[in-house]
Amino acid sequence: MYSYIYGRNPVLEWLRAGYPAEKLLVSRELSGAALQEIQKLAAAGRIPVENLPRNDLARAAGSDNHQGVAARVTLPDYVEVEEILAIAAGRGEPPLIALLDCIQDPHNFGAILRTAEGAGLHGVIIPKDNAAPMTAAVYKASAGAAAHVAVARVTNLSRTIDELKEKGVWFTGADEEGSKLYTELDLRGPTGLVLGSEGKGLRRLVREECDFITRIPLQGRVSSLNVSVAAALLFFEARRQRGF
């Protein structure tokens, strides 16, 4: 099934990743370096380019926030969990994986994928139910980084955690009532970082599967951070400990 991804960075990163596109839609008003690179990559991939008025492009893409470019694509399939472990092995690194427990906002999901790519995570695991799937909106929110992140989708997140434990992965869940500060953890070994949903946090069964529960200290009056911000702190703490 075809979908439109839109926005300059999402389309650029899609093309840079080497994914196919049926065609590109470009606003007649678009110009500059971004357009030149898009046209170069389209030519290299033999992707037809259609020039449209901005309003016609918005109708085709289904969004006014297209920044002058959209691509008609088939979104890539989810990977298997084993493929994420293979990515880590290929880099010669212990696995560093994010597990998102029912993150439902596509903007939060996209922001987390953007941070995961920047921090060099080997992959992200999401549940099939009650969670935002990979969509054009997620690609847009990730500024295109989603094109470079391996995402697995599993039926049962708790069971997946248990299976990965058998492969030597240790799991840390983020919760405001955690017993350890996130900077006190040793994240250098095989690690899964588990983040809960925007409203309810970690589900009980998922929380019980975690080896550690950590918290991020807050000095203000609010009791928690946006999940994408919490993810950024955890991801880059793990990367700091492993060395940049």
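Our structure's up above, just so we're on the same page.
Residues numbered from 1 in each chain as written. Predicted model: local features only at pLDDT ≥ 70, side-chain atom pairs only at ≥ 80, totals over all residues. Heavy atoms only, no water.

Q: I'd love a proper account of the overall build of the protein chain, names of residues and values included.
A: The secondary structure content of the protein chain amounts to nine helices and 11 strands. Relative to a compact globule of 244 residues, whose C-alpha radius of gyration would be 18 Å, the protein chain shows 19 Å and is just as compact. The C-alpha extent of the protein chain, read off along each of the three principal axes, is 55 × 45 × 35 Å. Classification of the 244 residues of the protein chain by burial places 49% in the buried group. When the accessible surface of the protein chain is summed, it comes to about 12200 Å², and 46% of that surface belongs to carbon and sulfur atoms. Averaging the coordinates of the 28 positive side-chain charges in the protein chain and doing the same for the 29 negative ones gives two points 5 Å apart. (Helix = DSSP H or I, 4+ residues; strand = E, 2+ residues; numbered from the N terminus. Rg over C-alpha atoms; globule rule 2.2 N^0.38 Å. Buried < 20%, exposed > 50% of the residue type's maximum accessible area, 1.4 Å probe, protein only. Areas by Shrake-Rupley, 256 points an atom, 1.4 Å probe, with all protein chains shown as cover. Lys, Arg positive; Asp, Glu negative; His and termini not counted. Charge placed at Lys NZ, Arg CZ, Asp CG, Glu CD.)

Q: Go over the nonpolar core with me, naming the residues and quoting the values.
A: The biggest cluster of nonpolar side chains holds 58 residues, and the ones touching the most others in it are Ile-5, Leu-100, Phe-109, Leu-113, Val-124, Leu-195 and Phe-235. With six residues, helix 9 (residues 227–242) is the single largest residue contributor to this core. Dropping the residues within four chain positions of it, Ile-5 is found in contact with Pro-10, Val-11, Trp-14, Ala-70, Ala-71, Val-73, Leu-75, Ala-136 and Tyr-139. Counting residues in hydrophobic clusters, the runner-up holds 20 residues, among them Val-79, Leu-99, Leu-164 and Cys-210. (Core = buried A, V, L, I, M, F, W, Y, C linked by side-chain atoms within 4.5 Å. Contact = heavy atoms within 4.5 Å.)

Q: Explain the packing of aromatic side chains residue by residue, including any values.
A: For the structure shown, the criterion picks out three aromatic pairs. Ring plane angle 65° and centroid distance 5.6 Å describe the contact between Trp-14 and Tyr-139, whose orientation is recorded as edge-to-face. Of this pair, Trp-14 sits in helix 1 (residues 8–16) while Tyr-139 sits in helix 6 (residues 136–141), and the two are 125 residues apart along the sequence. An identical accessibility class is assigned to Trp-14 and Tyr-139; each is buried. (Phe/Tyr/Trp six-rings, centres within 6.5 Å; stacked < 30°, edge-to-face > 60°.)

Q: Lay out the layout of surface pockets with the relevant residues and their values.
A: In this structure, the largest pocket occupies an estimated 500 Å³ of space. Ala-174, Asp-175, Glu-176, Ser-224 and Leu-225 are, among the 23 residues lining the largest pocket, the residues nearest its centre. Secondary-structure elements contributing two or more residues to the lining of the largest pocket are strand 10 (191–196), strand 11 (212–215) and helix 9. The residue makeup of the lining of the largest pocket, split by class, is nine nonpolar, nine polar and five charged. (1 Å grid on protein atoms, 1.4 Å probe; cavity = no way out; pocket = protein on both sides within 12 Å on 5 of 7 lines; lining within 4 Å. Points joined across faces, edges and corners; volume = space filled by probe spheres on them. Nonpolar A, V, L, I, M, F, W, Y, C, P; charged D, E, K, R; others polar.)

Q: Requested: an account of the sheet that holds strand 2 (residues 23–27), with residues and values cited.
A: Strand order in the open sheet made by the four strands is 1-4-2-3, with mixed pairing throughout. Every interior strand has two partners, whereas the edge strands, strand 1 (3–6) and strand 3 (49–52), have only one. For this sheet the average axis-to-axis angle between neighbouring strands, irrespective of direction, equals 25°. Bridge count for strand 2 against strand 3 is four bridges, and the pairing is parallel. Each residue of the ladder has a partner; that of Ser-27, found in strand 3, is Leu-52. Contacts between helix 3 (residues 54–61) and the sheet are confined to strand 1, strand 2, strand 3 and strand 4 (69–73), with strand 2 contributing the most and set at about 140° to the helix. (Pairing = 2+ DSSP bridges. Axes fitted to C-alpha atoms, helices over the stretch in contact; angles between N-to-C directions.)

Q: Lay out unusual backbone geometry with the relevant residues and their values.
A: A positive phi angle is found at Cys-102, which is not glycine, with a value near 65°. As for its placement among the helices and strands, Cys-102 is situated in the loop between strand 5 (96–101) and helix 5 (106–118). Unlike most non-glycine residues, Asn-130 shows phi in positive territory, near 55°. Note on placement: Asn-130 falls in the loop between strand 6 (123–127) and helix 6. The exposure class of Asn-130 is exposed, given its relative accessible area of 54%.

Q: Describe the packing of helix 5 against helix 9, naming the residues involved and giving the relevant values.
A: Direction vectors running N to C along helix 5 and helix 9 enclose 15°, while the axes themselves pass 9 Å from each other. The angle between helix 5 and helix 9 falls in the class roughly parallel. Once helix 5 is placed against helix 9, the crossing between them reads as right-handed. Between helix 5 and helix 9, the contacting residues are Asn-108, Ala-111, Ile-112, Thr-115, Ala-116 and Gly-118 on the first element and Val-227, Ser-228, Ala-231, Ala-232, Phe-235 and Phe-236 on the second. Looking at the contact of helix 5 with helix 9, its residues break down into eight nonpolar, four polar and no charged. (Parallel < 35°, antiparallel > 145°, perpendicular 65-115°, else oblique. Left-handed = near helix turned anticlockwise from the far one by under 90°.)

Q: Any details on the sheet that holds strand 8 (residues 170–174)? Residues and values, ideally.
A: As summarised here, the arrangement of the seven strands in space is 7-6-5-10-8-11-9, forming an open sheet in which the pairing is parallel. Bordering the open sheet on either side are strand 7 (151–154) and strand 9 (180–181), each of which pairs with just one other strand. When strand 5 meets strand 6, the two strands line up parallel, connected through three bridges. Bridge pairing in strand 6 places Ala-98 opposite Val-124.

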